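# Tertiary structure, described
Each chain is listed here by its residues.
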Amino acid sequence: MFSHSRCLTRNFGRSLSAIRQGNNVLARRATSVLSASHNTVPVNSSVKSHPRSSIFQIQYFRTSAVFRDEVVTVKTPAFAESVTEGDVRWEKAVGDTVAEDEVVCEIETDKTSVQVPSPAAGVIEELLVPDGGKVEGGTPLFKLKKGGAVKAAEAPKAEATPATAPPPPSAAPPPPPLSPPSSVGPIPSTMPPVPPVPAHAIDTKPVSSIKPTAAPAAPVAQAEGVTKAARTESRVKMNRMRLRIAQRLKEAQNTCAMLTTFNEVDMSNISEMRKMYKDAFLKKHNIKLGFMSAFVKAAAYALVDQPAVNAVIDDTTKEIVYRDYVDISVAVATPKGLVVPVIRNVEGMNFADIEKGINLLGEKARKNELAVEDMDGGTFTISNGGVFGSMFGTPIINPPQSAILGMHGIFDRPVAVGGKVEIRPMMYVALTYDHRLIDGREAVTFLRKIKSVVEDPRVLLLDM
């Protein structure tokens with residue numbers, strides 16, 4: 001009996017050591033030996049109530065069950081410093097199965113949307129915030145039951161097994177149809193049999209001799225009713241981003257003394273340059289050369305030349321803040337509203353750097369991955385309405401900035417060149433500025449500087 005107990009203790013120690021070392025095969029063998037040895041011991045033996053073996057077996061199964069049915073509470077992620085709260089828009093409902101990293105809800109803030117993914121695969125057990133409810137950082141959002149996805153996937157598989165099982169070999173094949181199928185297909189068995197048509201019901205008169213009846217009046221009246229019923233209305237709650245955009249634009253109108261000046265740009269040279277070097281540019285920098293980089297670079301060059309356009313009024317201290325850096329916000333239209341991600345330190349960038357920055361921010365905006373940090377700051381804004389076919393327009397200042405440049409479409413128009421009328425690709429540009437800070441001289445000079453750089457990029461090389 002004493003040697004048998006020593007054998008049990010030695011087997012238990014091996015199993016525990018194997019589990020700690022991650023050797024699953026050795027752990028299973030040692031556990032089976034331990035169980036077999038335990039079953040051969042008499043009932044009145046002291047080994048049956050061995051405390052260490054009992055603890056081992058109970059704790060192993062209890063831990064597995066807890067992990068399989070664990071319920072976790074997912075909380076709202078932390079927001080940026082300038083954002084305090086947001087509205088919840090649920091993508092999933094209670095009982096839905098989600099995979100790991102699958103988006104469960106989206107939190108709309110004043111500046112961007114934050115997606116909340118599932119931390120693990122499982123089933124949504126409870127939603128702790130109603131749809132459209134306001135949340136702050138750290139607020140509990142929903143409860144997730146881990147492992148529920150595996151059970152939900154196994155249940156349909158088990159139910160589908162009998163339906164897809166092949167028939168037994170002894171089953172006789174179905175008898176062939178007695179009559180060939182018709183061209184209109186078989187009649188469903190749920191429909192009642194069609195009675196034979198009596199001979200006197202068949203009319204042999206021509207169509208023109210049949211007298212009209214009042215039966216067709218019902219479909220006409222029904223069609224008119226459907227047309228009238230189609231005049232419906234729907235109400236959709238404004239999201240936080242749209243509310244914030246409306247608030248900021250109205251504040252700009254109420255605060256700034258906005259004035260707009262216009263000019264036109266001959267796009268012939270920049271179009272020819274783009275056509276000549278676009279393939280080599282794409283091959284070297286792995287990105288396309290567009291017109292936006294030329295205007296961003298021209299704006300940075302003009303902002304350094306006219307620092308008042310790059311400045312801002314501090315209404316609290318009644319001071320003018322001049323910046324020695326240029327951070328240009330580029331307006332991007334998204335399904336949820338207009339966002340303005342920022343390209344920073346443009347004064348030190350070339351065309352390739354600007355194109356890469358625009359492309360990166362555009363991809364993040366389309367995928368709804370813009371962070372608040374991508375839109376904070378900005379000393380000047382460029383809005384390109386020409387991509388939608390705009391010909392002329394006056395943009396609104398993006399506060400707290402002092403000016404905004406509006407680009408429009410490129411259209412062939414007759415212009416006077418050297419005393420002759422020629423057809424040139426022309427673009428109207430508009431500069432809206434805060435007249436409290438920027439005078440007409442600075443605004444017009446700024447816009448003419450942009451015109452000169454875009455029409456002849458050699459001005460940048462000569463620093464003219």
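Chains are numbered independently. Their residues run from 1 in the order of the written sequence. Given that the model is predicted, a residue must reach a pLDDT of at least 70 before its local features are reported, and side-chain atom pairs must reach 80 or more before they are shown or counted; all residues, however, enter totals for whole chains, interfaces and linings. Note that the side-chain values use all heavy atoms of the structure and ignore hydrogens as well as water.

### Describing the packing of aromatic side chains
When two rings of Phe, Tyr or Trp (its six-membered ring) have centres within 6.5 Å they constitute a pair, described as stacked for plane angles under 30 degrees, edge-to-face for angles over 60, and tilted for the intermediate range. Inspection of every chain in the model, using the stated rule, returns 4 aromatic pairs. Taken together, a centroid distance of 6.1 Å and an interplanar angle of 80° make the contact between W90 and F142 edge-to-face. On the criterion of sequence distance, the pair formed by W90 in strand β2 (residues 85–90) and F142 in strand β8 (residues 140–146) is long-range, its members being 52 residues apart. Residue exposure (1.4 Å probe, protein chains only): buried if accessible area is under 20% of the type maximum, exposed if over 50%, otherwise partly exposed. For F142, a relative accessible area of 0% corresponds to the buried category. Centre to centre, the rings of F262 and F392 are 4.7 Å apart; their planes meet at 25°, and the pair counts as stacked. One end of the pair, F262, is in strand β9 (residues 258–266); the other, F392, is in the loop between β16 (380–384) and β17 (403–417), with 130 residues separating them in the sequence. Overall, the relative accessible area of 47% leaves F392 in the partly exposed class. Through a chain of ring-to-ring contacts, three or more aromatic side chains come together here, namely F262, F392 and Y428. For a ring to carry a charge above it, either NZ of a lysine or CZ of an arginine must fall within 6 Å of the ring centroid while also lying within 35 degrees of the normal to the ring plane. Looking at R274, its charged tip hangs above the ring of F291, at a distance of 5.2 Å from the centre. Helix and strand definitions here come from DSSP, where helices need a minimum of 4 consecutive H or I residues and strands a minimum of 2 consecutive E residues; each element is numbered from the N-terminal end.

### Some thoughts on the sheet that holds strand β5 (residues 113–117)
At least two DSSP bridges between two strands are required for those strands to pair. Spatially, β5-β4-β2-β7 is the arrangement adopted by the 4 strands of the open sheet, whose pairing is antiparallel. With partners counted over all chains shown, the strands left at the sheet margins are β5 and β7 (134–136), one partner each. Across this sheet, the average inter-strand angle for adjacent strands is 40°, counted without regard to direction. Examined bridge by bridge, β2 and β7 share 3 bridges and lie antiparallel to one another. Looking at the pairing, E85 lines up with E136 of β7. In the packing of helix α6 (residues 240–255) onto the sheet, contacts are made with β2, β4 (103–108), β5 and β7, and the angle to β2 comes to roughly 140°. Interaxial angle, 0 to 180 degrees, is taken between N-to-C directions of lines fitted to C-alpha atoms, where a helix line uses only the stretch in contact. Contact criterion: two residues are considered in contact whenever any of their non-hydrogen atoms come within 4.5 Å of each other.

### Quick word on a nonpolar patch on the surface
Residues qualify for a patch when their relative accessible area is over 30% and they have no salt bridge, like charges being joined within 9 Å and the nonpolar side chains of Val, Leu, Ile, Met, Phe, Trp and Tyr within 5 Å. The accessible surface values rely on the Shrake-Rupley method and a 1.4 Å probe; as for residues, cover is taken only from the protein chains in view. Salt bridge, as used here: a side-chain nitrogen of Lys or Arg that lies within 4 Å of a carboxyl oxygen of Asp or Glu. On the surface, F262, M391, F392 and F411 cluster together into a nonpolar patch covering about 370 Å² of accessible area. By relative accessible area, which is 36% here, F262 ends up partly exposed.

### A look at the pattern of salt bridges
What the rule picks out here adds up to 14 salt bridges. A salt bridge links E126 to K143; the nearest nitrogen and oxygen atoms lie 3.8 Å apart. Of this pair, E126 sits in strand β6 (residues 122–127) while K143 sits in strand β8, placing them 17 residues apart in sequence. What makes E126 partly exposed here is its relative accessible area of 35%. The exposure class of K143 is partly exposed, given its relative accessible area of 28%. Measuring nitrogen to oxygen at the nearest pair gives 2.7 Å for the salt bridge that ties K451 to E455.

### What about the packing of helix α7 (residues 268–285) against helix α9 (residues 351–366)?
α9 packs onto α7 with a crossing angle of 75° between their chain directions and a minimal axis gap of 12 Å. Classified by the angle their axes make, α7 and α9 are roughly perpendicular. Of the residues in α9, those touching α7 at M273, F281 and H285 are F351, A352, E355 and K356. Angle categories: roughly parallel below 35 degrees, roughly antiparallel above 145, roughly perpendicular from 65 to 115, and oblique for all the rest.

### Section: helix α8 (residues 292–305)
One fewer than the residue count of a helix, multiplied by 1.5 Å, yields its expected span. Between its terminal C-alpha atoms α8 stretches 20 Å, which fits the 20 Å expected from 14 residues at 1.5 Å a residue. Along α8, the residues classified as buried are M292, S293, A294, F295, V296, K297, A298, A299, A300, Y301, A302 and L303.

### Topic: the nonpolar core
Nonpolar side chains tend toward joint burial in soluble globular proteins. Counting residues in hydrophobic clusters, the biggest one holds 53 residues, and the most contacted among them are F295, F380, I382 and I450. In terms of residue count, the dominant contributor to this core is α8 (10 residues). Each residue touching F295, except ones within four places of it in the same chain, is listed here: M267, I382, L405, M407, M427, V429, I450 and V454. V72, V116, V135 and V372 belong to the second-largest nonpolar core, a separate cluster that totals 19 residues. Here, nonpolar core means buried Ala, Val, Leu, Ile, Met, Phe, Trp, Tyr and Cys residues that are tied together by side-chain atoms lying within 4.5 Å of each other.

### What to know about α7
In this model, α7 (18 residues) spans 24 Å end to end at C-alpha, consistent with the 26 Å of a helix rising 1.5 Å per residue. Buried within α7 are the following residues: S268, I270 and F281. Against the buried residues of α7 lie β9, α8, α9, β18 (420–434) and α10 (440–455). Phi for N286, located one or two positions after α7, is positive at around 60°.

### Things to note about the sheet that holds β8
The strands that make up a sheet are held in pairs by hydrogen bonds between backbone atoms, and each pair lies either parallel or antiparallel. The antiparallel open sheet is built from 4 strands, whose spatial order is β1-β8-β6-β3. The sheet is open, and its two borders are formed by β1 (71–75) and β3 (97–98), each paired with just one other strand. Where β1 meets β8, 5 bridges bridge the pair, whose relative direction is antiparallel. Each residue of the ladder has a partner; that of V71, found in β8, is K145.

### Let's talk about the environment of I354
Note that I354 resides in helix α9. Ignoring sequence-local partners within four residues, the contact set of I354 consists of S293, V296, K297, I343, V346 and M349.

### Regarding the pairing of β17
Inspection of the sheet shows β16 paired to β17 by 4 bridges, in the parallel sense. Bridging across to β17, T381 finds its partner in I404. Bridge analysis of β17 against β18 gives 13 bridges, and the strand direction is antiparallel. Bridging across to β18, L405 finds its partner in L431. Counting the residues that bridge the hairpin from β17 to β18 gives 2 residues, and of these G418 lies at a positive phi of roughly 60°.

### Notes on the packing of α8 against α10
Interaxial distance between α8 and α10 falls to 9 Å at its minimum, and their mutual angle equals 135°. Taken as axis vectors, α8 and α10 run oblique relative to one another. Regarding α8 and α10, the two cross each other, and that crossing is right-handed. Packed against α8, whose contacting residues are A294, F295, A298, A299, Y301, A302, L303 and D305, the element α10 presents F446, K449, I450, V453 and V454 at the interface. It is the rotation of the near helix from the far one that decides the hand of a crossing: anticlockwise by less than a right angle makes it left-handed, clockwise makes it right-handed.

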